[in-house]
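Secondary and tertiary structure notes
In case you want the letters, here they are:
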Amino acid sequence: MTASPQTERLVEFSAETLRARLPEALNLYVTAMRYPAGTAQQRAPMWLAHMIRAGWRCVGALDQDGALVGVCYGYRGAAGQWWHEQVRRGLTAVSTPTVVDEWMRDYFELTELHVLPEAQGRGIGERLLRGLLDGVASERVLLSTPEGPSRAWRLYRRVGFQDVLRHYQFAGDPRPFAVLGRTLPVDQS
């Protein structure tokens with residue numbers, strides 16, 4: 001059996017480019033996460049606010065027709081940001097101050113990584129992840145993902161992410177999450 005050629009191409013998006021494609025990106029996000037349709041309108045202001053954060057960068061995967069099949073973005077995490085404060089609180093409850101400070105002092109927050117269900121299993125997620133993190137100047141990268149077996153978990157483990165905080169409940173979400181992290185850079189193998 002021969003592998004099918006990669007037909008998707010990765011493109012680094014500016015904030016302007018993502019703003020112009022925001023409805024498409026949010027529909028991809030809602031589809032990939034199996035969220036209700038109204039979630040896209042609810043999340044749009046948050047995605048727009050993220051685009052102005054320090055170190056924000058975004059990579060998209062486009063099919064041969066230029067349609068978005070994957071999107072990945074993040075930015076430099078900092079005190080005062082909602083996610084940072086939530087994770088710091090959770091880590092403080094289970095770790096020493098030294099461990100908390102080590103993880104939280106200089107990190108890039110991998111905020112979103114989504115691939116359309118029909119495009120999953122072709123390595124797009126890993127290419128997006130590696131493309132986004134290539135050249136990030138932070139010491140570490142952190143992310144959160146729902147607990148439980150998934151393709152996302154397999155990807156993060158394959159790329160060397162380790163447990164930072166497990167079975168954490170973010171304010172406003174009843175699901176348990178894991179916070180995973182690793183040092184940077186990520187080898188580009």
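Structure: see above.
All of the points below concern the structure found in this document. Since the model is a prediction, treat every value here as computed from it, not as a measurement.

Calculation notes
- Residues numbered from 1 in each chain as written.
- Predicted model: local features only at pLDDT ≥ 70, side-chain atom pairs only at ≥ 80, totals over all residues.
- Heavy atoms only, no water.
- Helix = DSSP H or I, 4+ residues; strand = E, 2+ residues; numbered from the N terminus.
- Rg over C-alpha atoms; globule rule 2.2 N^0.38 Å.
- Buried < 20%, exposed > 50% of the residue type's maximum accessible area, 1.4 Å probe, protein only.
- Contact = heavy atoms within 4.5 Å.
- Areas by Shrake-Rupley, 256 points an atom, 1.4 Å probe, with all protein chains shown as cover.
- Lys, Arg positive; Asp, Glu negative; His and termini not counted.
- Charge placed at Lys NZ, Arg CZ, Asp CG, Glu CD.
- Phe/Tyr/Trp six-rings, centres within 6.5 Å; stacked < 30°, edge-to-face > 60°.

**Observations concerning the overall build of the chain**
A count of helices and strands for the chain gives seven helices and seven strands. Walking the chain from its N terminus toward its C terminus, one meets helices and strands in the order β-α-α-α-β-β-α-α-β-α-β-α-β-β. Taking 189 residues into account, the globule formula puts the C-alpha radius of gyration at 16 Å, and the chain, at 16 Å, falls close to it. Out of the 189 residues in the chain, the part that is buried amounts to 48%. Sequence-distant contacts, at least 24 apart, represent 67% of the contacts inside the chain between residues at least 6 apart. Accessible surface for the chain amounts to roughly 9,600 Å². Of this, 53% is attributable to carbon and sulfur atoms. Positive and negative side-chain charges of the chain, numbering 22 and 20 respectively, have mean locations separated by a distance of 3 Å.

**Focus: the packing of aromatic side chains**
With the rule as written, the count across this model stands at nine aromatic pairs. Look at W83 and Y107: their rings are 6.1 Å apart centre to centre, the planes differ by 50°, and that puts the pair in the tilted class. Within this pair, whereas W83 is found in helix α4 (residues 82-94), its partner Y107 is found in strand β4 (residues 107-115), the two being separated by 24 residues in sequence. In this pair, the class of W83 matches that of Y107, namely buried. Where Y168 meets F170, the ring centres are 5.0 Å apart and the plane angle is 90°; that geometry is what we call edge-to-face. Each member of the pair, Y168 together with F170, is buried.

**Here's the deal with unusual backbone geometry**
Here L184 and P185 are connected by a cis peptide whose omega angle stands at 5°. Among the structural elements, P185 can be located in the segment after β7 (177-183). Residues other than glycine seldom take positive phi values, yet R34 does so here, at roughly 55°. Within the element layout of this structure, R34 appears in the loop between α2 (22-33) and α3 (39-50). With relative accessibility at 70%, the residue R34 sits in the exposed group. The phi dihedral of H167 is positive, around 55°, even though this residue is not glycine. Structurally, H167 can be placed in strand β6 (residues 162-168).

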